[in-house]
Amino acid sequence: QDFNYGVMLREPIELIHSFLNFNLENGIGIGRYALNELQSKMGSGAEHVSPPREYLFLDNIQTRLLTGNLGVPPGQINEDHVLDAKRILENFTAVAALEE
C-alpha cells in the first residue's frame, strides 16, 4: 500500500444539522425542505443525479461517499452498504469521530 488513509466521521444526525445550518447561513440551501425533497424521492426508486442535490446529504452520505454509492436511489442504502463501508474503514490508518 502506497498511501495512508485517514478520515474523520461525524454522528449522522449532527452532520445533517451542521450541513443544513451551514447551507442556510450561506444562502445556498433550502434547510428542512431538503427533508421533504428526500421523502418525495424515496418512493420513486429513481437514482440520485449529478450534481448531488441537498437531500442526498440527508441520506447516509458518509456511507455513500466511502463506498462510492452516490447513485443508489433514495432510501436504498442498506446493511450491506454499511458493512462495505466498515470493511473499507478497516484499511484506513486513522479513523476518528468528530466531537463538538
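Predicted, not measured: the structure shown is a model, and the values here were computed from it.

Before going further, it helps to spend a moment on the overall build of the chain. Scanning the chain from terminus to terminus reveals 4 helices and 2 strands. Among the 100 residues that make up the chain, the fraction classed as buried is 28%. Put simply, 48% of the contacts in the chain that link residues at least 6 apart link residues at least 24 apart. About 7000 Å² of surface is accessible on the chain, with carbon and sulfur atoms providing 53% of the total. Taking the 7 positively charged and 14 negatively charged side chains of the chain as two groups, their mean positions are separated by 6 Å.

Another aspect to go through is the nonpolar core. For soluble globular proteins, nonpolar side chains are generally found buried alongside one another. Counting 6 residues, the largest nonpolar core consists of Ile16, Leu20, Ala34, Leu38, Tyr55 and Leu58. For this core, the elements supplying multiple residues, two or more each, are helix H1 (12-25) and helix H2 (33-42). Leaving out residues up to four positions away in the same chain, alanine 34 has contacts with Leu20, Glu54, Tyr55 and Leu58.

Bringing the pattern of salt bridges into the picture now. Within the structure shown, the criterion is met by 2 salt bridges. Its salt-bridge partner being arginine 64, residue aspartate 59 comes within 2.7 Å of it at the nearest N-O pair. With its nearest N and O atoms 2.5 Å apart, the salt bridge here joins aspartate 84 to arginine 87. With a gap of 3 residues between them, aspartate 84 and arginine 87 both fall in helix H4 (residues 79-89), about one helical turn apart. Its relative accessible area of 30% is what places aspartate 84 among the partly exposed residues.

What the rule picks out here adds up to 3 aromatic pairs. For the pair phenylalanine 3 and tyrosine 5, a centre-to-centre distance of 6.1 Å together with 50 degrees between the ring planes defines the contact as tilted. Among the residues examined, phenylalanine 3 registers a relative accessible area of 54% and is labelled exposed. Residue classification places tyrosine 5 among the partly exposed residues on the basis of a relative accessible area of 43%. Consider the rings of phenylalanine 19 and phenylalanine 57, whose centres lie 4.4 Å apart with planes at 20 degrees: the pair is stacked. With phenylalanine 19 in helix H1 and phenylalanine 57 in the loop between H2 and helix H3 (61-67), this residue pair connects regions lying 38 residues apart in the sequence. Exposure remark for phenylalanine 57: the relative accessible area of 26% places this residue in the partly exposed category.

Another aspect to go through is the confidence of the model for the chain. Looking at the chain, the pLDDT average stands at 85 and 93% of residues meet or exceed 70. Summarising per-element confidence for the chain, the mean pLDDT is lowest in H2 (77) and highest in H4 (97).

Here we come to H1. Residues lying three or four places apart along an α-helix face the same way, a consequence of the helix completing one turn every 3.6 residues. In this model H1 runs 20 Å from its N-terminal to its C-terminal C-alpha over 14 residues, within 8% of the 20 Å that 1.5 Å per residue would give. Every buried residue belonging to H1 is among Ile16, Leu20 and Asn23, and all of these are buried. Angular distribution of buried residues about the axis of H1 spans 65 degrees; they occupy a single face of the element. Next to the buried residues of H1 lie H2. You can read the cap of H1 off the contacts: a side-chain oxygen lies 3.1 Å from the backbone nitrogen of isoleucine 13, and it is on glutamate 11. Note on H1: the residue one or two positions beyond its end, glycine 27, has a positive phi of about 70 degrees.

Reading the values: the criteria
- Residues numbered from 1 in each chain as written.
- Predicted model: local features only at pLDDT ≥ 70, side-chain atom pairs only at ≥ 80, totals over all residues.
- Heavy atoms only, no water.
- Helix = DSSP H or I, 4+ residues; strand = E, 2+ residues; numbered from the N terminus.
- Buried < 20%, exposed > 50% of the residue type's maximum accessible area, 1.4 Å probe, protein only.
- Contact = heavy atoms within 4.5 Å.
- Areas by Shrake-Rupley, 256 points an atom, 1.4 Å probe, with all protein chains shown as cover.
- Lys, Arg positive; Asp, Glu negative; His and termini not counted.
- Charge placed at Lys NZ, Arg CZ, Asp CG, Glu CD.
- Core = buried A, V, L, I, M, F, W, Y, C linked by side-chain atoms within 4.5 Å.
- Salt bridge = Lys/Arg side-chain N within 4 Å of Asp/Glu carboxyl O.
- Phe/Tyr/Trp six-rings, centres within 6.5 Å; stacked < 30°, edge-to-face > 60°.
- pLDDT = per-residue confidence, 0-100.
- Expected span 1.5 Å × (residues − 1).
- Arc of directions from axis to C-beta.
- Polar contact = N/O pair within 3.5 Å; in protein donor to acceptor, adjacent residues only side chain to side chain.

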